[in-house]
Amino acid sequence: MVEKSRGLDADEVFLDLEDAVAPAAKDDARTAVAAALREGGWHAPTVGVRVNDWSTEWTYRDVVDVVTSAGANLDCVVLPKVETPHHVAALDLLLSQLERAHGLDKGRIGIEAQIESARGLVQVDAIADASKRLQTLVFGPADFMASVNMRGLTVGERPPGYDDGDAFHHAHMTILVAARAHDLQAIDGPYLQVRDVDGFRRQARRTAALGYDGKWVLHPDQIAVGNEVFAPSQHDFDHATDILAAYDASTSEAGGRRGAVMLGDEMIDEASRKMALVVVAKARAAGMVRSSTQ
Ligand code: GLV
Ligand code: MG
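So, a few notes on the structure that sits alongside this text. The model shown is predicted, which means the values in this text are computed figures rather than measured ones. (Residues numbered from 1 in each chain as written. Chains lettered and ligands numbered in written order. Predicted model: local features only at pLDDT ≥ 70, side-chain atom pairs only at ≥ 80, totals over all residues. Heavy atoms only, no water.)

Further remarks concern the site of ligand 1. Neighbouring residues of ligand 1: Arg 50, Gln 114, Glu 116, Gly 140, Pro 141, Ala 142, Asp 143, Pro 190 and Trp 216. Between Glu 116 and ligand 1, the recorded distance is 2.9 Å, taken from a side-chain N or O atom to an oxygen atom. Contact distances for ligand 1 include 2.7 Å between an oxygen atom and a backbone N or O atom of Ala 142. Here ligand 1 has 190 Å² of accessible area as a free molecule, and 93% of this is covered by the chains. (Near = heavy atom within 4 Å. Polar contact = N/O pair within 3.5 Å; in protein donor to acceptor, adjacent residues only side chain to side chain. Areas by Shrake-Rupley, 256 points an atom, 1.4 Å probe, with all protein chains shown as cover.)

Glancing now at the sheet that holds strand S5 (residues 134-139). Strands sit in the order S1-S2-S3-S4-S5-S6-S7 across an open sheet of seven strands; the sheet is parallel. Strands at the two margins of the open sheet, each flanked by one partner only, are strand S1 (12-16) and strand S7 (214-215). Note that strand S6 (residues 185-188) and S7 share two bridges and pair parallel. Paired with Ile 187 across the strands is Gly 214, a residue of S7. (Pairing = 2+ DSSP bridges. Helix = DSSP H or I, 4+ residues; strand = E, 2+ residues; numbered from the N terminus.)

Okay, the environment of Lys 215 next. Looking at the secondary structure, you find Lys 215 in strand S7. For Lys 215, a relative accessible area of 14% gives the class buried. Sequence separation between Lys 215 and Asp 242 is 27 residues; the distance between their C-alpha atoms is 29 Å. Here the side chain of Lys 215 touches Asp 188 through a polar contact of 3.1 Å, side chain to side chain. At 2.8 Å, the side chain of Lys 215 and the backbone oxygen of Gly 189 are in polar contact. (Buried < 20%, exposed > 50% of the residue type's maximum accessible area, 1.4 Å probe, protein only.)

This paragraph deals with the side chain of Asp 188. Summarising the element assignment, Asp 188 is placed in strand S6. A polar contact is formed between the side chain of Asp 188 and the side chain of Thr 207, at a distance of 3.2 Å. Setting aside anything within four residues of it in sequence, one finds Asp 188 in contact with Phe 139, His 172, Gln 203, Thr 207, Tyr 212, Gly 214, Lys 215 and Trp 216. (Contact = heavy atoms within 4.5 Å.)

For the structure shown, the criterion picks out three aromatic pairs. Between the aromatic rings of Phe 14 and Trp 216, the centroid separation amounts to 4.7 Å while the plane-to-plane angle is 50°, which identifies the pairing as tilted. With a gap of 202 residues between them, Phe 14 in strand S1 and Trp 216 in the loop between S7 and helix H10 (221-230) connect regions that are remote in the sequence. Grouped by ring-pair contacts, the aromatic residues Phe 139, Phe 144 and Phe 168 constitute a single cluster. We note Lys 26 situated over the ring of Trp 58; from NZ or CZ to the ring centre the distance is 5.0 Å. (Phe/Tyr/Trp six-rings, centres within 6.5 Å; stacked < 30°, edge-to-face > 60°. Lys NZ or Arg CZ within 6 Å of the ring centre and 35° of its normal.)

Another point: the coordination of the magnesium ion (ligand 2). At this site the magnesium ion (ligand 2) is bound by Glu 116 (OE) and Asp 143 (OD), with donor distances of 2.1 to 2.2 Å. Of this pair, Glu 116 sits in the loop between strand S4 (110-115) and helix H5 (118-122) while Asp 143 sits in helix H7 (residues 141-147), placing them 27 residues apart in sequence. Taking the relative accessible area as the measure of exposure, Glu 116 reaches 3% and is therefore buried. With a relative accessible area of 23%, Asp 143 lands in the partly exposed category. (Donors = N, O, S within 2.8 Å, 3.2 Å for Na, K, Ca; no water.)

What follows deals with the side chain of Asp 62. Tracing the backbone through its elements, the reader meets Asp 62 in helix H3 (residues 59-70). Reaching out from Asp 62, the side chain makes a polar contact with the side chain of Arg 30 at a distance of 2.8 Å. Here Asn 52 takes part through its side chain, which lies 2.7 Å from a polar atom of the side chain of Asp 62. Contact partners of Asp 62, with chain neighbours within four places excluded, come to Leu 17, Arg 30, Val 51 and Asn 52.

Structure below.
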């Protein structure tokens, strides 16, 4: 799996030391992950490791061993089950010491905090402010469902009995708002039915629509769908570029310094420009180009 992950077209690959590794295999997994990182070779621009959470006996060894052995090849540490800002601060301090000890660039290794419990969710704003290394908040639906005793065993799917509405809306939105308030990325968690690509697409579309930047993938089959769903549609990208052009023209001296102008049947103003900028930024990040205009 590690070998295969090197060639995948994902924005990030992280190697797991946490819940996908049995307790008896933790030490071996740590050694294997450190060796793989030393070797490098991922197509993905960001490579991380998910360490165990601070309530276990493994976290410090995960961080110390992986960074000591391969810190220069590690872009970020995924910290699961973050419940207080101290969890992030503790990791930040440990990383700082390791960077000093091994001559690594100060502050380069980022932190991605998983919010996946009731405690984490109620503290998410303080957590989002806990370290300059923090880059991303990640929702963990499986642990979250367990934490709040949500009925249902299919991760990320509507729990049986909750037929209308979205049982995850509050958690998704709370994390998204905290992320945006602190200039962090918001990433949705995994969809475990790896053979159900349509189910993955359905869930991904929901959080993409809310404003999330991406979603975890557990299987190569989920990657292309994730990339497609989290990029704007060509139509939205083209429309956003039209809005920016029309707004620029209308606000200029030559355009009469008008802040509100009609584009087709729609009135656009400064807020439209801001919305369009978001779409254009996401489209450019996804490598899209505007379709040719006649
Ligand atoms: C991921 O870690 C999850 O708990 O969903
Ligand atoms: Mg989890």
